[in-house]
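The residues making up each chain are set out below.
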Amino acid sequence: SPLVPPQGQQGLGRPGPEGRQLAFLVGKWQERVSYPAETPEQKNEEGTGQWFARPMLGRFIQFNYEGTGPQGVYRAFGILAYDREAQNFRLLWFDDSGEVGDYRGSFVDENTLSLEHRGKVEGRDFRERISYTRISQTEVRTKIEQAWGAGEYRVYLEAQATRAGELPQGPPRRDLPS
């Protein structure tokens, strides 16, 4: 019957094991962000952020992010899910500069999800790796590393997020609640 999902797939709204692995990200979070200095003479720069991650249909996580850092205010929206065909996790990230990141990856251990994007920025090959690490039920650490061409990854930012309460009720909003 066309209404029955293929064997081995969960019904609508029922998270599979991969979706349950993402549950640690669900919630409302406040974070402190550190941008490492590029040279020993420079100081690290700091920023703050707030985000929430909401489960959707038991299969996806929807992110709404707003932060302030060295470049000013930054806003983004993302969808994280497990891609059954590719057998990996996939994050689509849309930000207020018009950039779209397509990240793919997997859990490297039971607490760390690592996702990588490959693309071009102003015609140059660019790679970015995002790692989300569950420290506890109330703390998540994020590390973003970047590389140009075939170069080595360098840490772009590290963030420590602490759970700040329950998710907002009602339909998803375009902006984070104040």
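### Side note on unusual backbone geometry
For step 1, the next point in the chain: One non-glycine residue with positive phi stands out, namely Gln 87, at about 60°.
For step 2, the next point in the chain: Looking at the secondary structure, you find Gln 87 in the loop between β4 (72-83) and β5 (88-95).
For step 3, the next point in the chain: Overall, Gln 87 belongs to the exposed group, its relative accessible area being 59%.
For step 4, the next point in the chain: Phi at Glu 122 is positive, roughly 50°, even though this residue is not glycine.
For step 5, the next point in the chain: By the element assignment, Glu 122 lies in the loop between β7 (112-121) and β8 (124-136).
For step 6, the next point in the chain: You can call Glu 122 exposed: its relative accessible area is 81%.

### Points about the environment of Trp 51
For step 1, the next point in the chain: Relative to the assigned elements, Trp 51 resides in strand β2 (residues 45-56).
For step 2, the next point in the chain: Linking Trp 51 and Ala 161, residues 110 residues apart in sequence, is a C-alpha distance of 9.0 Å.
For step 3, the next point in the chain: At 3.3 Å, the side chain of Trp 51 forms a polar contact with the side chain of Glu 31.

### Topic: the sheet that holds strand β6 (residues 100-109)
For step 1, the next point in the chain: As summarised here, the arrangement of the ten strands in space is β1-β2-β3-β4-β5-β6-β7-β8-β9-β10, forming a closed barrel in which the pairing is antiparallel. Each strand of the sheet is rotated relative to its neighbour by a mean of 25°, with strand direction disregarded.
For step 2, the next point in the chain: The sheet contact formed by β2 and strand β3 (residues 60-69) spans nine bridges and is antiparallel. Along β3, the bridge assignment pairs Thr 48 with Thr 68.

Criteria and thresholds
- Residues numbered from 1 in each chain as written.
- Predicted model: local features only at pLDDT ≥ 70, side-chain atom pairs only at ≥ 80, totals over all residues.
- Heavy atoms only, no water.
- Helix = DSSP H or I, 4+ residues; strand = E, 2+ residues; numbered from the N terminus.
- Buried < 20%, exposed > 50% of the residue type's maximum accessible area, 1.4 Å probe, protein only.
- Polar contact = N/O pair within 3.5 Å; in protein donor to acceptor, adjacent residues only side chain to side chain.
- Pairing = 2+ DSSP bridges.
- Axes fitted to C-alpha atoms, helices over the stretch in contact; angles between N-to-C directions.

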